[in-house]
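Letter by letter, the chains look like this.
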Amino acid sequence: MAQQAYMTETDGGGSGPEPRWDRLRRLANRVFGGRRGDRGIWRRGVVVATVAAVLALVMALHSHIPNRIGNLGSLTETFLPWFGLLIPVLLVLALTRKSATALIAVVLPAIVWLNLFGGLLTTKTGGGGDLTVATHNVNADNPDPSGTAREVASAGADVLALEELKASAVPVYESALASAYKYHAVQGTVGLWSKYPLSGVRPVDIRLGWTRAMRATVATPEGPVAVYVAHMPSVRVKMNAGFTAAQRDQSADALGEAIADERQPKVVLLGDLNGTMNDRSLNAVTSQMRSTQGAAGDGFGFSWPASFPMARIDQIMVRGVEPVSSWSLPRTDSDHLPIAARVKVTTSATGS
């Protein structure tokens with residue numbers, strides 16, 4: 001009797017084990033409301049299934065999309081997380097078409113997306129740490145630099161980096177931040193404010209012809225930390241040229257070389273890199289440092305544009321110190337969101 005429970009009547013009137021394919025087909029017919037033996041649920045939805053398969057391939061093989069034509073690979077990688085929005089659309093289409101083939105195909109991009117970004121859906125923020133850092137592209141056309149400075153300072157960061165500093169606005173930022181930060185240095189259009197003494201301040205050549213990056217040693221209570229502040233050249237999406245990022249890419253290579261030559265074992269990079277951690281063109285930097293958001297953040301941490309953040313192009317990255325938490329700060333009058341992180345300087349860990 002127990003054996004008969006796993007037997008089913010065959011077309012010839014006999015009995016035998018029900019094939020798995022028949023069970024799957026019977027389940028699909030039941031889900032889509034089709035009659036027994038309706039093969040249409042497998043034949044319909046070929047277009048949806050094809051789009052799902054292509055989407056899965058694009059996400060899984062994004063690093064192989066060439067940059068030779070309009071930097072298409074970097075453009076794809078910049079907005080890669082948003083490709084996931086196509087998955088529920090394809091799911092609805094598969095259900096509307098009552099297509100088992102399309103429904104199964106939609107599982108493929110869902111698996112790929114979760115493999116790439118599933119870890120960002122849960123918070124990895126922890127407690128502790130001994131140094132809080134923050135960075136903000138304040139926007140050269142900021143209508144209220146004093147208010148922006150006070151808002152960012154209210155986060156209580158020990159070390160604060162500002163980018164896109166207009167020369168005429170620098171005294172305003174200096175005055176607004178003087179009570180919170182005893183030490184500061186400005187090089188070109190970037191600046192560093194610190195509660196701890198600064199030394200070894202110098203500009204960093206990122207091959208632009210003017211200064212948009214700097215380096216300083218911060219004497220924290222837990223030991224010296226080399227802090228880099230950088231603002232990579234802007235990128236543009238043009239119909240006739242694609243994703244124009246050649247100058248940004250060259251500057252990223254130069255910044256990567258400077259960080260590789262850094263003798264301090266503990267390094268923090270703060271700034272607007274005009275690129276995401278997925279963008280291969282930033283490999284010279286990202287290959288040797290850890291993103292605090294990726295290691296200890298809450299969610300994706302998108303920072304731009306401030307009105308509707310779609311990408312995290314502002315970065316806090318570390319080497320030789322341990323990220324503990326990472327988050328976005330409230331919006332200011334800039335077109336970027338400020339971001340902050342808490343790190344543990346006393347650790348001997350080295351990130352890559």
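Predicted model only: the values in this text are computed from it and were never measured.

Draft legend 1. Seen up close, the overall build of the protein. Counting its secondary structure elements, the protein contains eleven helices and 16 strands. Buried residues in the protein amount to 48% of all 352 residues. The long-range share in the protein, meaning contacts at least 24 apart out of those at least 6 apart in sequence, stands at 67%. When the accessible surface of the protein is split by element, carbon and sulfur atoms take 57% of a total near 16,900 Å².

Draft legend 2. Just the sheet that holds strand β16 (residues 339–344), in detail. Here we have six strands laid out as an open sheet, ordered β5-β6-β4-β3-β16-β15, and mixed in their pairing. Of all strands in the sheet, those bounded by a partner on one side alone are β5 (183–187) and β15 (322–328). With strand direction ignored, the average angle separating the axes of adjacent strands in the sheet is 15 degrees. Bridging between strand β3 (residues 131–137) and β16 involves five bridges; their strand directions are antiparallel. Within the sheet, the bridge partner assigned to A134 lies in β16 and is A340.

Draft legend 3. Molecular detail of the side chain of R212. Summarising the element assignment, R212 is placed in the loop between β7 (198–203) and β8 (213–220). Nearest to the buried, unbridged R212 among oppositely charged side chains is E164, at 5.9 Å. Only 2.8 Å separates the side chain of R212 from the backbone oxygen of M232, close enough to count as a polar contact. The contacts of R212, once residues within four sequence positions are left out, are T189, V190, I206, V229, A230, H231, M232, P233 and S234.

Draft legend 4. Summary view of the sheet that holds strand β14 (residues 314–319). Taking strand neighbours across the sheet as the criterion, the six strands line up as β7-β8-β9-β12-β14-β13 in an open arrangement whose pairing is mixed. Because the sheet does not close on itself, it has two edges, and the strands there are β7 and β13 (290–291). Most of the contacts of helix α9 (residues 246–260) go to strand β9 (residues 223–231), to which it runs at about 170 degrees, and overall it touches β9, β12 (267–272) and β14.

Draft legend 5. How the structure looks around the environment of T122. Relative to the helices and strands, T122 resides in the loop between α6 (100–117) and β3. By relative accessible area, T122 is classed as partly exposed at 48%. As a C-alpha pair, T122 and D298 span 176 residues in sequence and 6.7 Å in three-dimensional space.

Draft legend 6. A look at the pairing of β3. Summarising burial for β3: seven of the seven residues are buried, a large majority. Side chains of β3 alternate between two faces, with L131, V133, T135 and N137 and T132, A134 and H136 buried alike. Relative to strand β4 (residues 159–163), β3 is paired through five bridges, and the arrangement is parallel. In the sheet register, V133 faces β4, and the bridge partner there is V159. One crossover worth recording links β3 to the parallel β4 by way of helix α7 (residues 145–153), and it is right-handed.

Draft legend 7. Summary view of the packing of α7 against helix α8 (residues 170–177). Direction vectors running N to C along α7 and α8 enclose 40 degrees, while the axes themselves pass 9 Å from each other. If you check the angle between α7 and α8, you find them oblique. Classified by chirality, the crossing of α8 by α7 is right-handed. Between α7 and α8, the contacting residues are P145, S146, A149 and A153 on the first element and V172, Y173, A176 and L177 on the second. In the contact of α7 with α8, the residues fall into seven nonpolar, one polar and no charged.

Draft legend 8. Structural context of the confidence of the model for the protein. Per-residue confidence for the protein averages 88 on the pLDDT scale, and 85% of its residues sit at or above 70. Every residue in residues 1–14 is under pLDDT 50, and counting partners more than four places away or in other chains gives 14 contacts.

Draft legend 9. Region of interest: the pattern of salt bridges. Throughout the structure, instances matching the rule amount to seven salt bridges. Between E77 and R280 there is a salt bridge, and its shortest N-O distance comes to 3.0 Å. Of the two residues, E77 is situated in helix α4 (residues 72–78) and R280 in the loop between β12 and α10 (283–286); the sequence distance between them amounts to 203 residues. We classify R280 as partly exposed; its relative accessible area is 21%. Salt-bridge contacts for R248 lead to D249; the nearest nitrogen and oxygen are separated by 2.8 Å. Accessibility classification places R248 together with D249 in one group, the buried group. Here the salt bridges do not stand alone but share partners, grouping R248, D249 and D279 into one network.

About the thresholds
- Residues numbered from 1 in each chain as written.
- Predicted model: local features only at pLDDT ≥ 70, side-chain atom pairs only at ≥ 80, totals over all residues.
- Heavy atoms only, no water.
- Helix = DSSP H or I, 4+ residues; strand = E, 2+ residues; numbered from the N terminus.
- Buried < 20%, exposed > 50% of the residue type's maximum accessible area, 1.4 Å probe, protein only.
- Contact = heavy atoms within 4.5 Å.
- Areas by Shrake-Rupley, 256 points an atom, 1.4 Å probe, with all protein chains shown as cover.
- Pairing = 2+ DSSP bridges.
- Axes fitted to C-alpha atoms, helices over the stretch in contact; angles between N-to-C directions.
- Lys, Arg positive; Asp, Glu negative; His and termini not counted.
- Salt bridge = Lys/Arg side-chain N within 4 Å of Asp/Glu carboxyl O.
- Polar contact = N/O pair within 3.5 Å; in protein donor to acceptor, adjacent residues only side chain to side chain.
- Right-handed = clockwise from strand over helix to strand, strands pointing away.
- Parallel < 35°, antiparallel > 145°, perpendicular 65-115°, else oblique.
- Left-handed = near helix turned anticlockwise from the far one by under 90°.
- Nonpolar A, V, L, I, M, F, W, Y, C, P; charged D, E, K, R; others polar.
- pLDDT = per-residue confidence, 0-100.

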